[in-house]
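What follows is each chain in one-letter form.
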Number of protein chains: 2
Amino acid sequence: MTGKIEESPLYSIANPESIAIFGASNKYTSMGTSILSSILHIGYRGKIYPVHPSEKTVLEYKAYQSVADLPEVPDLAIMVLPTGVVPEVMEACGQKGIKHAIVVSGGFKEVGKDGAGLEAKLKRTAAQYGIRFLGPNCIGAVNTHFRFNATFLPCEHPPGFIGMASQSGSFITQMFAYLGRYGLGFSTGFSVGNEADIDIVDCMEYLAACPDTKVISLYIESIRRGSEFVEAARRIVPQKPIVAYYAGGTEAGRKAGLSHTGALAGEDPVYNGIFRQSGVIRAWSIEELFDICWCLGTCPLPKGNRVIVQTHSGGPGTVAADACERFGMKLPGLSEETKQRLAEYVPHTGSMSNPVDLTFSRRNLDYFVNIPEILKQDENADMLLLYLMMPLRTVRMILETMGVSGDELEAETEKFVNEQSRYLSDMMLGSEKPVIGFSYYSGENPFIKSLYDLGAPVLPGPNRAARAMGAMLEYLEFREKLSPASG
Amino acid sequence: MTGKIEESPLYSIANPESIAIFGASNKYTSMGTSILSSILHIGYRGKIYPVHPSEKTVLEYKAYQSVADLPEVPDLAIMVLPTGVVPEVMEACGQKGIKHAIVVSGGFKEVGKDGAGLEAKLKRTAAQYGIRFLGPNCIGAVNTHFRFNATFLPCEHPPGFIGMASQSGSFITQMFAYLGRYGLGFSTGFSVGNEADIDIVDCMEYLAACPDTKVISLYIESIRRGSEFVEAARRIVPQKPIVAYYAGGTEAGRKAGLSHTGALAGEDPVYNGIFRQSGVIRAWSIEELFDICWCLGTCPLPKGNRVIVQTHSGGPGTVAADACERFGMKLPGLSEETKQRLAEYVPHTGSMSNPVDLTFSRRNLDYFVNIPEILKQDENADMLLLYLMMPLRTVRMILETMGVSGDELEAETEKFVNEQSRYLSDMMLGSEKPVIGFSYYSGENPFIKSLYDLGAPVLPGPNRAARAMGAMLEYLEFREKLSPASG
């Protein structure tokens, strides 16, 4: 691929102006209907042509008895049909002139010999008509920025910057809520299924060219085109980071993958080698995969591995220090200049070593803006890691001592939380060095929720933050190694 | 200690019938006032005597100018005072006949030589009067079952079964919300601070004898009485599991701990040795510490390491299989009998290997009750791991096809979710083999929230579940090794 997104076989799959959908009906529990519901739910603006043998309308859209009857050639066909009829529908789509398809239906190679035969037939038919397709045995694609969600779960969160190609559809759909919880989301996600035609390498190429995608994430049970994978990744990584979770490295994972998508997986060391050679960061859990994407997509790259940890609680500071070192970072001492500048902010109970333990700060903006500003400017710091918490009772107490009470208290508490989170997120997101937060609080806490919504990276716990920061350093190294200038 | 809880120096600290509190006032932002607020908030039923030099009442309680004026000898004194006056207040308490204290005030050994001198003086005074005390430089103690919360954050969640002794107060107070999110909570928690008198070993002894505590958790920056620690743990572990997070294993963690509590930490391998010898499970993050407690406190012990994974999504099943193997478990094939019994439940798209991938199930109770019941009875299974998700839209769609609509839909959806979670949690909590759930959904999802509230262990993600299951196996081994019968 040359790098122009319109030339990708996935362009019309992720950005169709018109779609034909096979298998949607007025029966709510059918998979096809669910997919059409998701397409409507996200506010798709293109034309929708349900094809149904008997229904006159499907979810209030005029239905067509066959694809031949459609008033135009749609950009994309989506098939959610019994396995046996898929090849003939593919043929009919070819005759109509359709060039792109998503085959959701399962029952192909993943179920054994008979299915493999049917899959071969499907490929031949598609090839004959020049049709490029995703699947079979996939759950579709989502392009949140284009308001297109052809998967069976609704995407109820705002568009994001994480591109994903996944050999499990669950890690697209079932992550909508997971990512949304942290204010994250997919830019575009592809469930590649059995990869009979389009595969994960094609998806990487598309996502590399996609302007809405800042980081590429992969869920891999097996890489089918090894050398193409390596070659594509090495081209992409200097421009955009790639992070992969690989599930087939254990015997149990390998067997599970085999029965899931018919993938033949390899040993851990083999895949470690492939990833290292490709410049792909390996994540060891799905959560870690997205943690790394979160930091890479919201922070500038660090220049080195020296971290200053800021805390107002000793324990979380100590745990963060321990975690940083375990994930490859160093905690330098503060420069003399920084110590002098900090003096007015740090109470006598606090500590000016690293972690900087403030124990408490006189004004909230000290903790969230002024002190981190000073620490960021320390010549010994490549990154900052901030411990964040703001229990609502504490906020209410602060306001009460300022004379706020009664009906005003709730409104003022909300206003206070929103202002503080705005200042903090502006500082974090505008920084020329990575500033990452961590908290044991989550979206139930309004301060943390507000930071998520504003796009600030506030990771759940210091270990997850430290691992993601370590991965940023891995990317730094890969990018340097693979950039043409360094060759 | 003989094992009778009333004989522990911590008994009156965790179960005081009456308290004197020094440092509480009517100023909301003071630490002392916060602690008194927390005591009131949780519904403490004992007598409260604020001691204050000038106020007539403190938070509506009659205040006393000095401890000598109190109408009785309280069980416990809580001191949140400027460092310098603590020894003389301890002296006054001794003269009054008080035998137990919590010293919250900091500024002692952790700040250097002068502080260390003051701490020595404090110890001498306490010893002179036979006073046992927690701290200094701690944030108190909480006994949720006794409705006593002498820490500066309110505990807004129900009592739980996790006992904790922590060298960081944050890992008591700042965990109230974290644990509450998962339906968990502390039974009793002690912040030990500088351990000038009572230390973490005393806390372990108390928690071992505490009937509300099912699992003992420790946050450790340094163990001061090494041989007593080992000896106590070896006695406790056959009856009750102990899980510890140790933060001082890296250079950065060691330094941070030193400035936090003046602890002198040792290398990782030294602590690994201590923990192994003691039968204490080592956790590698605070989240992992509590994950392990969650499973140990809600599940029977497994008899071996063979896990059957049940899923309806291939990807999460594969990831769970991979994670289980990485954490020391095996995934056996299903027995022939199980396969026969499952046949009526598993659709043709599904898989009867392990993970058992149902792809979908005809009835919800199949997935949540009937199928796990069959799997549990498999002679090859020591544990079950279930993938759990129930998006609300799916529930609504199921109900709509059953003819429910309009105003009824919300109420019926809630009822359906609650019924399903009740069946599932009954099955999980009543099982003679461990049944553990995992989900990428969290408390925002009503099904998962309901399971948390019912006390079922549903861990956030397969890796965390697998690690906690692996830790149950570690405990099994430690318990066997340390039980007198096996000696």
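Nothing here was measured: the structure is a model prediction, and the numbers come from that model. (Residues numbered from 1 in each chain as written. Chains lettered and ligands numbered in written order. Predicted model: local features only at pLDDT ≥ 70, side-chain atom pairs only at ≥ 80, totals over all residues.)

(A) Broad picture of the overall build of chain A. Helices and strands together make up the secondary structure of chain A, namely 18 helices and 19 strands. Radius of gyration (C-alpha) of chain A: 25 Å, near the 23 Å computed for a compact globule of 487 residues. With the principal axes as the frame, chain A shows a C-alpha extent of 80 × 60 × 40 Å. A separation of at least 24 residues holds for 73% of the contacts in chain A among residues at least 6 apart in sequence. (Helix = DSSP H or I, 4+ residues; strand = E, 2+ residues; numbered from the N terminus. Rg over C-alpha atoms; globule rule 2.2 N^0.38 Å. Contact = placed C-beta atoms within 7 Å.)

(B) Local environment of the packing of helix α14 (residues 364-376) of chain B against helix α16 (residues 408-429) of chain B. Residues and elements named next belong to chain B. One can describe the packing of α14 onto α16 by two numbers: an axis separation of 9 Å at closest approach and a directional angle of 10 degrees. It follows that α14 is roughly parallel to α16 by the angle criterion. From α14, Asn 364, Leu 365, Phe 368, Val 369, Pro 372 and Glu 373 reach across to α16, where they touch Gln 420, Tyr 423, Leu 424 and Met 427. Of the residues belonging to the contact of α14 with α16, the class tally is seven nonpolar, two polar and one charged. (Axes fitted to C-alpha atoms, helices over the stretch in contact; angles between N-to-C directions. Parallel < 35°, antiparallel > 145°, perpendicular 65-115°, else oblique. Nonpolar A, V, L, I, M, F, W, Y, C, P; charged D, E, K, R; others polar.)

(C) Geometry of the pairing of strand β17 (residues 383-387) of chain B. Residue and element names in this part refer to chain B. Among the five residues in β17, five count as buried, and that is most of the element. Residues Met 383, Leu 385 and Tyr 387 line one face of β17 and the alternating positions Leu 384 and Leu 386 line the opposite face, and both faces are buried. Sheet topology note: the strand β15 (residues 307-311)/β17 ladder contains four bridges and is parallel. If you follow Gln 310 over to β17, its bridge partner there is Leu 386. With four bridges joining them, β17 and strand β18 (residues 435-439) adopt parallel strand pairing. Paired with Tyr 387 across the two strands is Phe 438, which belongs to β18. (Buried ≥ 20, exposed ≤ 12 C-beta atoms within 10 Å, placed from the backbone. Pairing = 2+ DSSP bridges.)

(D) Structural view of unusual backbone geometry. Residue and element names in this part refer to chain A. In this structure, Pro 355 follows Asn 354 across a cis peptide bond, with omega equal to 10 degrees. Relative to the elements of secondary structure, Pro 355 occurs in the loop between α13 (336-342) and β16 (356-357). Phi at Leu 59 is positive, roughly 45 degrees, even though this residue is not glycine. Exposure remark for Leu 59: the 18 C-beta atoms within 10 Å place this residue in the partly exposed category. Of note, the phi angle at Asn 137 is positive, near 65 degrees, even though the residue is not glycine. Along the polypeptide, Asn 137 turns up in the loop between β7 (132-134) and β8 (141-143).

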